[in-house]
Amino acid sequence: MQGIDLTRSKQKTTKKPMPSMAEQVHIAAEHIRNIYANDIDSGLILGSGLGDIPDYFKVIETIPYHDIPYFPHSTAPSHSGKLLIAELGGSIVAVFQGRFHLYEGWHVTQIVLGVYTLKALGASELLVTNAAGALNPEFKPGEVMLIEDHLNFTGQSPLIGQTEELGPRFPDMSRAYEPALLDHMRDCAGTLGQSLQSGIYAGVTGPALETSAERRFYRMAGADAIGMSTVPEVIAAKHCGLNVLGMSAITNMAVGDASQQVDSIEEVLNNAAIASQAMFPLLREFLQSR
Ligand code: HPA
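Note that this is a predicted model, so its numbers are computed, not measured.

### What about the overall build of the chain?
- What the chain contains, in helices and strands, is eight helices and nine strands.
- Against the 2.2 N^0.38 benchmark of 19 Å for 290 residues, the chain shows a C-alpha radius of gyration of 20 Å, consistent with a compact globule.
- For the C-alpha atoms alone, the extent of the chain along its principal axes is close to 80 × 50 × 35 Å.
- Looking at the chain residue by residue over its 290 residues, the buried ones come to 52%.
- Each charge class in the chain can be summarised by its mean position, and for the 20 positive and 31 negative side chains these summaries are 7 Å apart.

Structure follows, in structure tokens:
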């Protein structure tokens, strides 16, 4: 008589439990230390359209994300998926050439694994860049905005569910973007004769761009620019004690009034490339003049 083999379905699978976030960070950092043994000074996350770094970044090591244990891989356009260890202005910088976004479907804790890994590699600061739409009508595509603060409209936090292994449960966010770093970057802009906007960044999940009504709402809420990244990384950075400097490449007008144009990814990437011509010299000056 033929029957169903019940013993088979009862067999226990011996799948290893997923290591904790802190263990994942430790293992990812070990992998990088085996390639580059010294400490890192700063981390730099490159935003959409900002991945082509100039030659004055002296690349020491190139590590594909898919080789680093537990690292997600980038699926967003113009995000290449490599960690570079580079020398710039006398500092050793871990450059994330490609970042992870909520809209790609990554869990918010996966998005910030690299930030905690930086801390484990000895970094003291995170320099974060992004492409953003201008809610402030005074801004122009191609300009750079220094991020003074942010509004988290993602409805998510990378700290939810974490224990206190990587940082305190209730980290202070009152000066999320380090005032001394903001001052220093403004001085650098002065030295280079480079104009710089300043303002508040609103972080959303995307991937649909905002409706015009939403954009007017975000503007009323006090934001100057809007984008689909940065907020999770900055929360994680503050959580583990990294100082943060943030810069947005203004890529399109997102004012949501009668002048609102149809948004296009080509326009966003083109204007990010224009803004990067101001952003990279500012970063170089920032690192070498202290
Ligand atoms: N909205 C959201 N994210 C963006 C935009 C925008 O207008 N431009 C570039 N990233």
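### Concerning a nonpolar patch on the surface
- On the surface, a nonpolar cluster with roughly 280 Å² of combined accessible area is contributed by M18, I27 and Y70.
- Within the secondary structure, Y70 sits in the loop between β2 (58-64) and β3 (82-88).
- Of the residues examined, Y70 reaches a relative accessible area of 31% and is grouped as partly exposed.

### Concerning unusual backbone geometry
- The residue after G206, namely P207, is reached through a cis peptide bond having omega 0°.
- Here P207 shows up in the loop between β7 (197-203) and α6 (212-220).
- Of note, the phi angle at Y70 is positive, near 75°, even though the residue is not glycine.
- One non-glycine residue, T230, lies in the positive phi region at around 75°.

### Things to note about the site of the ligand
- By nearness alone, every residue bordering the ligand is listed as A131, A132, G133, L209, E210, R215, I226, G227, M228, T251, N252 and A254.
- For the ligand, the accessible surface in isolation is 260 Å², of which the surrounding protein chains cover 94%.
- If one sorts the elements of the shell around the ligand by residue count, strand β5 (residues 125-134) sits on top with three residues.
- A per-class count over the shell around the ligand returns six nonpolar, four polar and two charged.

### Focus: the packing of helix α2 (residues 21-35) against helix α4 (residues 113-120)
- Running from N to C, α2 and α4 point in directions that differ by 60°, and their axes come no closer than 9 Å. The chirality of how α2 crosses α4 is right-handed. Residues M21, Q24, V25, A28, A29, I32 and R33 of α2 pack against L113, Y116, T117 and A120 of α4.

### Examining the environment of L102
- You can see L102 is positioned in the loop between β4 (91-97) and α3 (108-111).
- The residues touching L102, leaving out its near neighbours within four places in the chain, are V108, I111, T154, Q156, T205 and P232.

### Digging into the pattern of salt bridges
- Under the counting rule described, the total for this entry stands at seven salt bridges.
- Residues D39 and R33 are paired through a salt bridge, measuring 2.9 Å at the closest nitrogen-oxygen approach.
- When its relative accessible area of 24% is taken as the criterion, R33 is described as partly exposed.
- In this structure, R215 and D263 form a salt bridge, with 3.0 Å as the shortest nitrogen-oxygen distance. Of this pair, R215 sits in helix α6 while D263 sits in the loop between β9 (243-253) and α8 (265-288), placing them 48 residues apart in sequence.
- A relative accessible area of 21% means that D263 is categorised as partly exposed.

Cut-offs applied
- All residue numbers refer to positions counted from 1 along the written sequence of the respective chain.
- Per-residue local features of the predicted model are confined to residues with pLDDT of at least 70, and side-chain atom pairs are confined, for both listing and counting, to 80 or more; whole-chain, interface and lining totals are unaffected and use all residues.
- Only hydrogens and water are removed before side-chain values are computed, so all heavy atoms of the structure are retained for them.
- Runs of E in the DSSP output that reach at least two residues are strands. Runs of H or I that reach at least four are helices, and both are numbered from the N terminus.
- Here the radius of gyration uses the C-alpha set of atoms, whereas the globule reference equals 2.2 Å times the residue count to the power 0.38.
- Burial classification: accessible surface area is computed with a 1.4 Å probe over protein chains only, and a residue below 20% of its type maximum counts as buried, one above 50% as exposed, and the rest as partly exposed.
- Neither His nor the chain ends is counted toward charge; the positive residues are Lys and Arg and the negative residues Asp and Glu.
- Charged groups are reduced to one reference atom each: NZ for lysine, CZ for arginine, CG for aspartic acid, CD for glutamic acid.
- The patch calculation keeps residues exceeding 30% relative accessible area without a salt bridge and links them within 9 Å when they carry like charges or within 5 Å when they are nonpolar (Val, Leu, Ile, Met, Phe, Trp, Tyr).
- Note that accessible areas follow from Shrake-Rupley with a 1.4 Å probe, and for residues the cover is restricted to the protein chains shown.
- When a carboxyl oxygen of Asp or Glu lies within 4 Å of a side-chain nitrogen of Lys or Arg, that pair is called a salt bridge.
- Any residue with a heavy atom positioned within 4 Å of a molecule or strand is treated as near that molecule or strand.
- Three classes are used, and their members are as follows: Ala, Val, Leu, Ile, Met, Phe, Trp, Tyr, Cys and Pro are nonpolar, Asp, Glu, Lys and Arg are charged, and the others, Gly among them, are polar.
- Working convention: axes come from line fits to C-alpha atoms, limited for helices to the stretch in contact. Angles between N-to-C directions cover 0 to 180 degrees.
- The handedness criterion is simple: a crossing whose near helix is rotated anticlockwise from the far helix by less than a right angle is left-handed, and one whose near helix is rotated clockwise is right-handed.
- By definition, residues are in contact when any of their heavy atoms lie within 4.5 Å.

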